[in-house]
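Topology and contacts: notes
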Amino acid sequence: MTRRAPARQPSPWLMLVAAMAAQVTATAIVSAPLLLIPYLHLDQGLSLVASGGLAAAPTVGTLLTLVAWGAVVDRVGERISLTAGLVILVAGSALALAGARSDDTVVLAAGFALCGVGASSSNSASGRLVVGWFPAHRRGLAMGIRQTGLPLGVGLAALVVPAWVDERGVASVVGLCVGLAVLTTVFVGLTVVDPPRPASSGADAAANPYRGDVRLVRIHSASALLVIPQYVVWSFMLLWLIDRHGWSAAAAGALYAGSQLLGAAGRIGAGWWSDRVGDRLGPMRRVAAAATVSMVALALFDATPLAIAVMVLAAVVTVAPNGLAFTAVAEIAGPRWSGRAFGIQNTGQYLTAAAVPPVVGAVIQHAGYGWAFAGTAVFPLVAVALVPVATRR
């Protein structure tokens with residue numbers, strides 16, 4: 001079935017704002033448990049493994065539903081998918097609030113897992129929204145801006161959660177999540193318009209981009225490896241600053257937020273670069289190599305003052321490949337398969353990301369931060385070899 005062109009033609013930039021609003025909100029809420037790790041571990045006495053398990057709850061909810069959301073958005077469109085996902089995000093935040101108020105860790109984790117289910121809709125739907133409304137020569141920049149939703153969401157959470165939880169407790173933090181989710185749901189539901197899809201034959205619509213072509217599989221695999229250093233930095237930078245270098249929670253949260261803003265700028269720059277050179281994958285390989293170097297440097301300088309600057313650099317470099325990979329996936333998969341391709345892409349990323357907090361937490365607990373950073377450097381190095389040579393067959 002071919003979707004008709006929309007009756008009204010909205011500004012592509014307004015659609016980008018709506019996509020980013022959904023992504024920032026979802027990311028901020030599912031990042032909150034990660035930023036609770038210092039409070040739970042240092043103040044409440046939870047082990048790094050236990051608090052890391054709670055932090056992984058939204059990631060588990062996300063990875064279990066990404067492919068399903070991709071199929072939904074391919075079938076019913078971006079507006080319905082985004083709005084439905086945000087409604088689930090509201091419900092998950094409300095459940096987490098009930099768990100926080102009753103001091104029930106199981107209910108708190110279940111609520112954040114449901115938040116992950118709702119957040120996963122924005123990964124496919126917001127990406128398709130941007131790809132659908134922007135032409136190819138602006139798509140890398142637009143997708144790079146859209147991908148800033150992740151570091152901006154984490155940065156927003158970093159500005160609020162550490163200081164807020166110290167003063168007001170976990171329930172107050174989760175209450176803020178509920179309010180943010182409600183506001184974004186209303187905005188997206190009133191704003192988003194589905195982009196038109198080109199007419200095609202039944203054979204074109206059914207064509208499987210994975211059949212006889214390994215490029216998507218290689219991009220998915222490389223992206224899953226590249227998310228490991230990203231999540232090591234996201235999960236443990238705050239704790240590392242407080243525990244290893246003696247920073248206050250407020251100061252560490254401010255630097256964390258600032259590094260996320262720089263990471264957002266890096267994603268925009270990477271997207272602009274890919275538009276200029278007309279290639280997504282060459283820049284992706286180069287950024288993956290830079291991620292390897294940054295993690296090795298972080299391991300070498302872990303105990304020195306220079307490590308602070310290296311950590312900020314790592315926070316920028318490790319998030320830069322995401323937009324490049326997403327744009328390449330959309331262009332290879334085509335408009336009728338991009339939702340499912342995004343779902344598969346994100347499933348691999350979130351599957352590895354879910355393991356990062358508990359596994360790396362255990363490494364840090366038994367071997368120290370330096371060994372954890374050094375081990376992480378292996379994964380982007382392998383990713384360099386996996387990235388295909390060209391977007392076109």
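We now turn to the structure provided with this report. (Residues numbered from 1 in each chain as written. Predicted model: local features only at pLDDT ≥ 70, side-chain atom pairs only at ≥ 80, totals over all residues. Heavy atoms only, no water.)

Things to note about the side chain of Q349
Of note, Q349 is situated in helix α16 (residues 338-367). On the basis of relative accessibility, which here comes to 6%, the residue Q349 falls in the buried class. Those residues within four positions of Q349 in sequence are excluded, and the remaining contacts are S223, A224, V227, N322 and F326. (Helix = DSSP H or I, 4+ residues; strand = E, 2+ residues; numbered from the N terminus. Buried < 20%, exposed > 50% of the residue type's maximum accessible area, 1.4 Å probe, protein only. Contact = heavy atoms within 4.5 Å.)

Remarks on the packing of helix α13 (residues 281-300) against helix α15 (residues 321-333)
Orientation of α13 relative to α15, taken along the N-to-C sense of each, is 150 degrees, at an axis distance of 9 Å. Comparing the axis directions of α13 and α15 gives the class roughly antiparallel. In this structure, α13 crosses over α15, and the sense of that crossing is left-handed. Residues L281, P283, M284 and V287 of α13 lie in contact with α15, whose contacting residues are P321, L324, A325 and A328. Its residues placed into classes, the contact of α13 with α15 shows 8 nonpolar, no polar and no charged. (Axes fitted to C-alpha atoms, helices over the stretch in contact; angles between N-to-C directions. Parallel < 35°, antiparallel > 145°, perpendicular 65-115°, else oblique. Left-handed = near helix turned anticlockwise from the far one by under 90°. Nonpolar A, V, L, I, M, F, W, Y, C, P; charged D, E, K, R; others polar.)

Considering the state of the cysteines
On inspection of all chains with the given rule, the structure shows 0 disulfides. Not engaged in a disulfide, the cysteine C115 finds its nearest cysteine sulfur in C177; these two sulfurs lie 7.0 Å apart. (Disulfide = S-S within 2.5 Å.)

Describing the pattern of salt bridges
For side chains of opposite charge, pairing can occur when their charged atoms come near one another. Taken as a whole, this structure holds 4 salt bridges when the rule is applied. Between D213 and R215 there is a salt bridge whose closest N-O contact spans 2.5 Å. Take R215: its relative accessible area is 13%, and that puts it in the buried class. Here R280 ties to E331 by a salt bridge, and the two come within 2.8 Å at their closest N and O atoms. You can see R280 sitting in the loop between α12 (249-277) and α13 and its partner E331 sitting in helix α15, a full 51 residues away along the chain. For R280, a relative accessible area of 6% gives the class buried. Look at E331 and you get partly exposed, because its relative accessible area is 28%. Here the salt bridges share partners, and the residues they tie into one network are D275, R280 and E331. (Salt bridge = Lys/Arg side-chain N within 4 Å of Asp/Glu carboxyl O.)

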